[in-house]
Amino acid sequence: MNLRKKIQTALGICGVICYIASVCASAAPSAGGMVFRDAYCEGFYEKHLQGICTDNEGVIFWSWTTAMVKTDLHGRLLKRVPAADHHGDLCCHEGKVFVAVNLGKFNQPAGSADSWIFVYDADNLSEIARHPVQEVVHGAGGIAYRDGRFFVVGGLPEGIEENYVYEYDSAFRFQKRHVLASGYTTKGIQTAAWANNAWWFGCYGRPRLLLRADDSFRLTGKWEFDASLGIDGLGDGRFLIGQNIRLKGDGHKGRVLIAKAHDKKGLSFATPPTATSAVVIAHRGASGYLPEHTLEAKALAHAMGADFLEQDVVLSNDGVPVVLHDVHLDSVTDVARRFPDRKRADGRFYAIDLTVAELKQLKVSERFAPKTGQAVYPKRFPVGQSSFQIPTLEEELQFIQGLNRTTGGKVGVYPEIKAPAWHRKEGHDISKIVLDVLARYGYKTRKDNFWLQCFDVAEVKRIRSELGFQGKLVQLLGRYSSGDTAAVDNDFLRTRQGLEEIAKVADGIGPSVSHVVTGKSGDLFQVTDLVKNAHALKLAVHPYTVRADDLPKCATSLEELCCILLFDLGVDGLFTDFPDRCIAVRNLWNQTGREP
């Protein structure tokens with residue numbers, strides 16, 4: 001029985017219990033009783049990672065060249081402080097963090113380095129001491145602790161066919177220089193750890209080498225394995241390995257991976273990261289940055305690299321499909337000022353009561369509450385600022401195809417048919433109208449780069465059967481009204497039997513995030529069986545909506561929520577108002593490059 005099942009059984013939690021972010025099924029408690037696992041460090045950093053260590057109780061310390069960082073086991077930020085350039089590898093002992101620091105030059109003959117050990121309070125990362133270790137003549141790069149002694153490693157000039165380990169007592173009085181018959185290693189040794197009754201050293205430069213030595217510093221192994229950005233023994237036979245990934249335009253991101261000793265490789269990763277092909281769907285465009293469903297929001301999402309751009313479609317009075325989230329106008333436009341006489345008895349303004357020409361006169365704004373005028377998301381684009389219009393579906397399709405042509409992109413479209421039953425009562429068959437427009441622009445079959453979605457169960461069946469739709473079709477799940485006579489929550493559709501009915505006509509489902517994961521952020525959270533059951537029926541799963549400013553309780557950041565959905569649940573795509581950030585998480589996970 002694997003660990004997840006053991007935890008599930010022990011706690012009596014129904015459904016699948018998962019760890020956050022990149023939890024490994026092979027994770028096991030360390031000597032301190034904590035569960036270490038693969039994790040990303042929250043935030044982006046100007047310079048690359050230099051080392052990691054743990055306190056074996058639930059904290060990871062990260063050295064970022066010019067910053068010191070403390071996170072929990074999930075990589076969530078607890079403390080971040082600036083640091084002098086050039087902070088290197090580090091170790092933790094008795095409530096203190098010890099960092100190898102070189103204020104001079106690395107990898108030069110004696111006289112160019114300026115080697116120190118900076119000491120920080122492990123609780124708040126305040127600096128409490130500095131110890132000179134000028135015996136490390138080629139630049140202090142890393143430090144480890146064993147049996148009351150500190151061992152410092154560092155740079156190496158070209159041509160020297162051995163590495164050096166400098167031993168200090170607990171007061172940092174120099175004791176001895178140990179010689180490691182390693183041969184020349186480019187830029188010397190960067191990281192060090194005593195674990196599994198052996199010394200382990202990560203060598204910086206090319207190639208990245210892992211060295212192993214006995215307690216007398218006799219070399220017992222040499223492999224091509226990158227542990228140059230952090231290595232720490234977890235006390236249970238496993239290791240935590242630091243990695244840096246450079247992100248264009250964003251700086252650097254770090255992660256730790258679990259590794260195990262390997263006879264032929266020295267170390268091997270316990271669970272090599274698996275790539276995800278999940279798509280990122282720009283929910284109403286890049287709506288976290290620009291007013292939803294404007295061409296400007298779609299252009300930004302296209303530039304950010306979204307795989308699909310969503311179009312919610314309603315009809316105008318003259319039967320033209322326009323891109324608007326609701327059949328109502330009063331929460332995203334100035335319709336109440338321009339056409340006050342169009343208000344219905346319920347106090348709302350409807351798109352279907354205006355012609356396209358009239359709709360084009362409206363000024364589109366960031367979403368706001370009609371009664372108060374206050375923004376729904378206060379930190380987004382200012383309400384009423386600048387000038388935006390409602391696009392027709394045809395205009396938007398032309399716009400996206402034009403961008404694809406000029407950029408060489410292959411961004412798809414993801415229209416939703418809104419309130420079909422309500423539209424029929426108003427005298428219009430919105431589904432037929434929308435399908436005709438889509439077909440005219442080449443969106444017809446499953447081979448074409450688009451998905452069609454709808455909440456209305458009866459309409460989804462009608463689209464497939466009566467209207468003969470041949471493209472990819474998604475049944476949306478959850479409460480919907482959008483102008484229908486009554487809001488509906490199709491609980492039945494989320495059951496196995498309900499999914500079997502969906503699978504007869506649809507290619508995928510669009511549940512809300514709350515349908516697939518619940519609970520509070522932490523070591524454990526509860527996952528429903530919806531994704532598993534849908535995948536068993538070959539249904540794609542595209543949850544909505546990932547928002548940085550409207551997070552569920554199971555996550556403390558948008559990035560954490562993306563990790564849960566993409567890697568713990570294995571969804572096939574997600575809707576997000578912040579496509580750039582979700583793409584960054586996906587790309588970071590899939591990227592295997594190292595810092596040069």
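For the structure itself, look to the data block above.
Below, the structure is looked at part by part.

## Digging into the overall build of the protein
The secondary structure content of the protein amounts to 13 helices and 35 strands. For the protein, contacts bridging at least 24 residues in sequence account for 58% of all contacts bridging at least 6.

## A few points about the pairing of strand β35 (residues 573-576)
Burial along β35 is two-sided: the face carrying G573 and F575 and the face carrying L574 and T576 are both buried. For strand β23 (residues 279-282) and β35, the ladder comprises 4 bridges, and the chain directions are parallel. Paired with I281 across the two strands is F575, which belongs to β35.

## Looking at helix α9 (residues 496-503)
Of the residues making up α9, those classed as buried are G498, L499 and I502. Along the long axis of α9, the arc covered by the buried residues comes to 100°, so they all point the same way.

## Comments concerning the packing of aromatic side chains
Throughout the structure, instances matching the rule amount to 25 aromatic pairs. Ring geometry for F151 and F217: centres 6.0 Å apart, planes at 45°, overall tilted. Linking F151 in strand β12 (residues 149-154) with F217 in the loop between β17 (209-213) and β18 (219-224), this pair joins segments that are 66 residues apart in sequence. For the pair F151 and F217, a shared accessibility class is recorded, and that class is buried. Here the aromatic cluster, defined as three or more aromatic residues joined through ring pairs, consists of F98, Y145, F150, Y168, F172 and F174. If you follow R146 out to its NZ or CZ, it ends over the ring of W194, 3.7 Å from the centre. Above the plane of the ring of F44 lies K253, whose end atom (NZ or CZ) is 4.8 Å from the centre.

## Examining the pairing of β12
In terms of burial, β12 is a largely internal element, 5 of the 6 residues being buried. The sheet contact formed by strand β11 (residues 140-146) and β12 spans 6 bridges and is antiparallel. Paired with A144 across the bridge in β12 is F151. Hairpin connection between β11 and β12: a loop of 2 residues separates the two successive antiparallel strands, and D147 in this loop has a positive phi of roughly 50°. Here β12 pairs with strand β13 (residues 163-168) via 3 bridges, running antiparallel. Bridged to F151 within β13 is E167.

## What to know about the packing of helix α2 (residues 295-304) against helix α5 (residues 393-407)
When two helices pack together, their arrangement is given by the angle between their axes and by how far apart the axes lie. Where α2 contacts α5, the axes come no closer than 11 Å and their chain directions differ by 30°. With respect to each other, α2 and α5 are oriented roughly parallel. Crossing geometry of α2 relative to α5 is assigned as right-handed. Of the residues in α5, those touching α2 at L295, K298, A299 and H302 are E396, F399, I400, L403, N404 and T407. Partitioned by chemical class, the residues of the contact of α2 with α5 number 5 nonpolar, 3 polar and 2 charged.

## Description of the pattern of salt bridges
Taken as a whole and assessed by the stated rule, the structure comprises 39 salt bridges. D85 is the salt-bridge partner of K47, the closest N and O atoms lying 2.6 Å from each other. Of this pair, K47 sits in the loop between β2 (39-40) and β3 (51-54) while D85 sits in the loop between β6 (77-82) and β7 (87-93); the two residues are 38 residues apart in sequence, bridging distant segments of the chain. D85 sits in the partly exposed class, given a relative accessible area of 38%. A salt bridge links R494 to D491; its shortest N-O distance comes to 2.8 Å. Connected through shared salt-bridge partners, R424, D429, E459, R462 and E466 make up one network.

## As for the side chain of E560
Inspection of the secondary structure assignment puts E560 in helix α12 (residues 558-568). Among the polar contacts listed, one links the side chain of E560 to the side chain of R76, at a separation of 2.9 Å.

## Describing the sheet that holds β17
Read from one edge to the other, the open sheet built from 4 strands follows the order β15-β16-β17-β18, with strand pairing classed as antiparallel. The open sheet terminates on both sides in strands that have one partner only, identified here as β15 (189-195) and β18. Averaged over all neighbouring strand pairs, the angle between strand axes comes to 20°, with direction disregarded. Pairing between β15 and strand β16 (residues 198-203): 6 bridges, direction antiparallel. Following the sheet pairing, I189 is matched in β16 by C203.

## Looking at unusual backbone geometry
Between R206 and P207 the backbone carries a cis peptide bond, its omega angle lying at -10°. The topology assignment puts P207 in the loop between β16 and β17. Following Y544, the chain continues into T545 via a peptide bond in cis, with omega recorded as -10°. The residue T545 is located in the loop between β34 (540-541) and α12 in this model.

The rules behind each value
- Residues numbered from 1 in each chain as written.
- Predicted model: local features only at pLDDT ≥ 70, side-chain atom pairs only at ≥ 80, totals over all residues.
- Heavy atoms only, no water.
- Helix = DSSP H or I, 4+ residues; strand = E, 2+ residues; numbered from the N terminus.
- Contact = heavy atoms within 4.5 Å.
- Buried < 20%, exposed > 50% of the residue type's maximum accessible area, 1.4 Å probe, protein only.
- Pairing = 2+ DSSP bridges.
- Arc of directions from axis to C-beta.
- Phe/Tyr/Trp six-rings, centres within 6.5 Å; stacked < 30°, edge-to-face > 60°.
- Lys NZ or Arg CZ within 6 Å of the ring centre and 35° of its normal.
- Axes fitted to C-alpha atoms, helices over the stretch in contact; angles between N-to-C directions.
- Parallel < 35°, antiparallel > 145°, perpendicular 65-115°, else oblique.
- Left-handed = near helix turned anticlockwise from the far one by under 90°.
- Nonpolar A, V, L, I, M, F, W, Y, C, P; charged D, E, K, R; others polar.
- Salt bridge = Lys/Arg side-chain N within 4 Å of Asp/Glu carboxyl O.
- Polar contact = N/O pair within 3.5 Å; in protein donor to acceptor, adjacent residues only side chain to side chain.

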